[in-house]
Amino acid sequence: MNYLSNMYNERYRFSIISGICACSSSLFGKLSGKIPLDSSYYLVLIKAVFILLMFVSGAAVWTYYVKALQRSTTTIVPTLISTATNYILSAICGCLIFGEQLTILWFCGMVLVTSGLMLVTKSTMTDSEHLMDKNAENKPSKKNS
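Bear in mind that the values here come from a model prediction, so they are computed numbers and not experimental data.

> Would you explain the overall build of the chain in this entry?
Tallying secondary structure elements over the chain gives four helices and zero strands in all. N-terminal to C-terminal, the α/β element order of the chain is α-α-α-α. Within the chain, buried positions represent 28% of all 145 residues. Sequence-distant contacts in the chain: of pairs separated by 6 or more residues, those separated by 24 or more amount to 73%. Working note: accessible area of the chain is about 10,100 Å², and carbon and sulfur atoms make up 67% of it.

> Please explain the environment of Phe107 as it appears in this structure.
Of note, Phe107 is situated in helix H4 (residues 104-138). The exposure class assigned to Phe107 is partly exposed, which follows from its relative accessible area of 37%. Distance in space between the C-alpha atoms of Phe107 and Ala91 is 9.6 Å, their sequence separation being 16 residues.

> Just to check I follow, could you spell out helix H2 (residues 41-70) for this structure?
Three- or four-residue spacings in an α-helix give side chains the same orientation, since the helix completes a turn every 3.6 residues. With 30 residues, H2 should cover 44 Å at 1.5 Å per step; its first-to-last C-alpha distance of 44 Å lies within 8% of that length. All buried positions along H2 are accounted for by Lys47, Ser57, Ala60, Val61, Tyr65 and Ala68.

> Is there a simple way to think about the side chain of Thr74 in this case?
Positionally, Thr74 belongs in the loop between H2 and helix H3 (76-98). Judged by relative accessible area, which is 9%, Thr74 ranks as buried. A distance of 3.4 Å separates the side chain of Thr74 from the backbone nitrogen of Ile76, its partner in a polar contact.

> Would you explain the pattern of salt bridges in this entry?
Once their charged atoms are close, side chains differing in charge can pair, the charge on each being opposite to the other. For the structure shown, the criterion picks out three salt bridges. Between Glu10 and Arg13 there is a salt bridge, with the nearest N and O atoms lying 3.6 Å from each other. Of this pair, Glu10 and Arg13 are both found in helix H1 (residues 2-33), three residues apart, which corresponds to roughly one turn of the helix. Given a relative accessible area of 43%, Arg13 falls into the partly exposed group.

> In this structure, what is going on with a nonpolar patch on the surface? I would like to understand it.
A surface patch of nonpolar side chains, amounting to about 540 Å² of accessible area, comprises Tyr41, Tyr42, Leu45, Val49 and Leu53. Judged by its relative accessible area of 61%, Tyr41 is exposed.

Each value, and the rule that gives it
- Residues numbered from 1 in each chain as written.
- Predicted model: local features only at pLDDT ≥ 70, side-chain atom pairs only at ≥ 80, totals over all residues.
- Heavy atoms only, no water.
- Helix = DSSP H or I, 4+ residues; strand = E, 2+ residues; numbered from the N terminus.
- Buried < 20%, exposed > 50% of the residue type's maximum accessible area, 1.4 Å probe, protein only.
- Contact = heavy atoms within 4.5 Å.
- Areas by Shrake-Rupley, 256 points an atom, 1.4 Å probe, with all protein chains shown as cover.
- Expected span 1.5 Å × (residues − 1).
- Polar contact = N/O pair within 3.5 Å; in protein donor to acceptor, adjacent residues only side chain to side chain.
- Salt bridge = Lys/Arg side-chain N within 4 Å of Asp/Glu carboxyl O.
- Patch = residues over 30% accessible without salt bridge, like charges linked within 9 Å, V, L, I, M, F, W, Y side chains within 5 Å.

Below, the structure is given as structure tokens:
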């Protein structure tokens, strides 16, 4: 039982890390776009480092997302957690680093997408729990003598 609870905790941890990496990939991409190519040698080098970090972060997104999927009975839970983490951190980074304004329309969109994913997650989790219970009933029980 301890193995299963550890596996599910890893599912959440890897999903959150995937969302953080997705946000950082977007952040590095936007930072690299702020530096013009006709800048000094050092600024172009910094732009290249940001682009490299964007690709590394993008690879990390998929690495951790796949790890979360491997530890999950459904694909929806890692998707919801990773997406929500990415949305929230992207909003925070946008406000703090780039001075972006978050409009009511952005918040409504985030709430609708996250709510939709939560509804699908709840439905899918109920179905998978039902299937797991049904499979447990069909397995022969072992009695210790």
